[in-house]
Amino acid sequence: MADVLLILNAGSSSLKFSLFAFKSGDPEQFIRGGIDGLPDRARFVALDAAGVEIDRHDWLAPLERDGALDFLLQWIAGEKAGRHRLVAAGHRVVHGGTQFTQPVRLNIANVADLESLAPLAPLHQAHNIAPIRALMRQSSALPQIACFDTAFHRTQPRLAQMFALPRKYTDAGIIRYGFHGLSYEYIASVLPSIDPGAASGRTIVAHLGNGASLCAMQQCRSVATSMSFTPLDGLVMGTRCGSIDPGVLLHLMRTENLQASELEDILYHQSGLLGVSGISSDVRTLLKSADPHAAEAIDLFVYRAVRDLGSLAAALGGLDALVFTAGIGENSAHIRARICAGLQWLGLVIDDSANEAATQRISTIGSRVSAWIIPTNEELIIARHTQAMLD
Ligand code: ADP
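From a predicted model like this one, the values you see are computed outputs, not experimental measurements. (Residues numbered from 1 in each chain as written. Predicted model: local features only at pLDDT ≥ 70, side-chain atom pairs only at ≥ 80, totals over all residues. Heavy atoms only, no water.)

> Would you mind showing me how to read the domain arrangement of the protein chain here?
Interface size is commonly expressed as the accessible surface area that is lost when the partners come together. Considered domain by domain, the protein chain is made up of domain 1 (3-148) and domain 2 (196-378). When each unit is reduced to the centre of its C-alpha atoms, the spacing between domain 1 and domain 2 is 28 Å. Domain 1 puts six residues into the contact, and the matching count from domain 2 is seven residues. In total, domain 1 and domain 2 occlude about 530 Å² of area from one another, counting both sides; carbon and sulfur atoms represent 62% of this. (Domains from an automatic or database assignment. Contact = heavy atoms within 4.5 Å. Buried area = accessible area lost by both parts, 1.4 Å probe.)

> Explain the packing of helix α2 (residues 108-115) against helix α3 (residues 125-138) here, please?
The description of two packed helices rests on the angle between their axes and on the distance between the axes. Between α2 and α3, whose axes approach to 10 Å, the crossing angle comes to 160°. Between α2 and α3, the angle falls in the class roughly antiparallel. The hand of the α2/α3 crossing is left-handed. When α2 is examined against α3, the residues Ile108, Val111, Ala112, Leu114 and Glu115 are found in contact with a partner set consisting of Gln125, Ile129, Ile132, Arg133 and Met136. (Axes fitted to C-alpha atoms, helices over the stretch in contact; angles between N-to-C directions. Helix = DSSP H or I, 4+ residues; strand = E, 2+ residues; numbered from the N terminus. Parallel < 35°, antiparallel > 145°, perpendicular 65-115°, else oblique. Left-handed = near helix turned anticlockwise from the far one by under 90°.)

> Help me understand the sheet that holds strand β13 (residues 370-373), please; the structure alone is not making it clear to me.
The strands that make up a sheet pair up through hydrogen bonds in the backbone, lying either parallel or antiparallel. Read from one edge to the other, the open sheet built from five strands follows the order β11-β10-β9-β12-β13, with strand pairing classed as mixed. Where the open sheet ends on each side, the last strands, each with one partner, are β11 (221-225) and β13. The sheet shows a mean angle of 25° between the axes of neighbouring strands, taken without regard to direction. Note: strand β12 (residues 321-325) against β13, four bridges, orientation parallel. Counterpart to Val323 in the pairing with β13 is Trp372. Along the sheet, helix α12 (residues 292-316) makes contact with β9 (202-208), β10 (212-218), β11 and β12, crossing β10 at roughly 20°. Against the sheet, helix α14 (residues 333-341) touches β9, β12 and β13, its axis set at about 155° to β12. (Pairing = 2+ DSSP bridges.)

> Could you clarify how one ought to interpret helix α16 (residues 378-390) in this entry?
One full turn of an α-helix is made of 3.6 residues, so residues set three or four places apart face in the same direction. Compared with the 18 Å implied by 1.5 Å per residue over 13 residues, the 19 Å span of α16 between its first and last C-alpha is a close match. Residues Glu378, Leu380, Ile381, Ile382, Ala383, His385, Thr386 and Gln387 constitute the buried set of α16. For α16, the secondary structure elements touched by its buried residues are β1 (2-10), β2 (15-21), β6 (84-93), β8 (144-148), α6 (181-194) and β9. (Expected span 1.5 Å × (residues − 1). Buried < 20%, exposed > 50% of the residue type's maximum accessible area, 1.4 Å probe, protein only.)

Take a look at the structure:
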């Protein structure tokens, strides 16, 4: 019977999972899927390694998070997932604070430490921890490992992590943490075999999905990133505003009497591509639309990405390579072309046909800065760490 790892990524309305076979070398994903639409429109889908659907289920009544995990565990133990023995669970946890700079094997004490970080990530941390607690109750002997979105950025110089706030706030942990670290760690792990020059030099990775950020890497280590204290900062995102003058928030609080929860909803859920276009948070929909507000939302997304790329190139003292990843970065030739056009001054020349064909290298041979598409794989990073902890 094969030993397998369960990898979980629990969000506010979804519980994504993968099963990896425990192997010498890299663990191998053989099933992935999840339940989304929690709690009111819950739907389960499971896909095999080739992406072929092997099962699905819809709920008519509301399904709460604990019920979702129970369903998932029963499904994993059932016939369709194959005969195997679950040997560990690996979890994506958004916030590791300043304390967790590496993946950690979970126990009662450090789960409590992670819970104490919930105020730093009010929309994510509690959801990430819920299945950890539930699994601890149900199968206390099962090793569980947490991997953090913030950990990859802890190599940054102190200045890159500081806000210019009174020192007592910096000392209290109000710093630039950065996110998407598991995605950047994956890119850093494959870059040496794709572009050895970039891997030993200066690279910016553009993780452009619903959430979007940039990471400047020197020798594959994070030296600066566009997200900061929360995943709100930096680029324009699907429904998040990205960088904003904090004076705007003070103004809205004073003039519209907005409470923190109302501001949170505007900044996280009503802004970004959705807010500017008034149509959709999805780049595909906006690119198809004839509405000038859709075009303006895309223009702003590109403009801000180019400006922040320039800022990170300055932090690196130049640029050797640019990597596109995540939903938009991997799939939108239009967005890639426009961002690259804005970086010609850095010596980046895009190869239009390579970009349209989405080959791995999308810059011309003569381009001083190389440009790449590298699909990210956060689950594999969690599975690697989980397997390594068991080894
Ligand atoms: P998340 O941050 O939720 O993990 P993803 O990395 O899956 O997001 O990215 C989702 C986004 O990718 C979608 O909202 C959409 O804007 C974009 N996207 C996906 N496929 C395409 C495509 N073919 N062309 C343009 N944009 C795409």
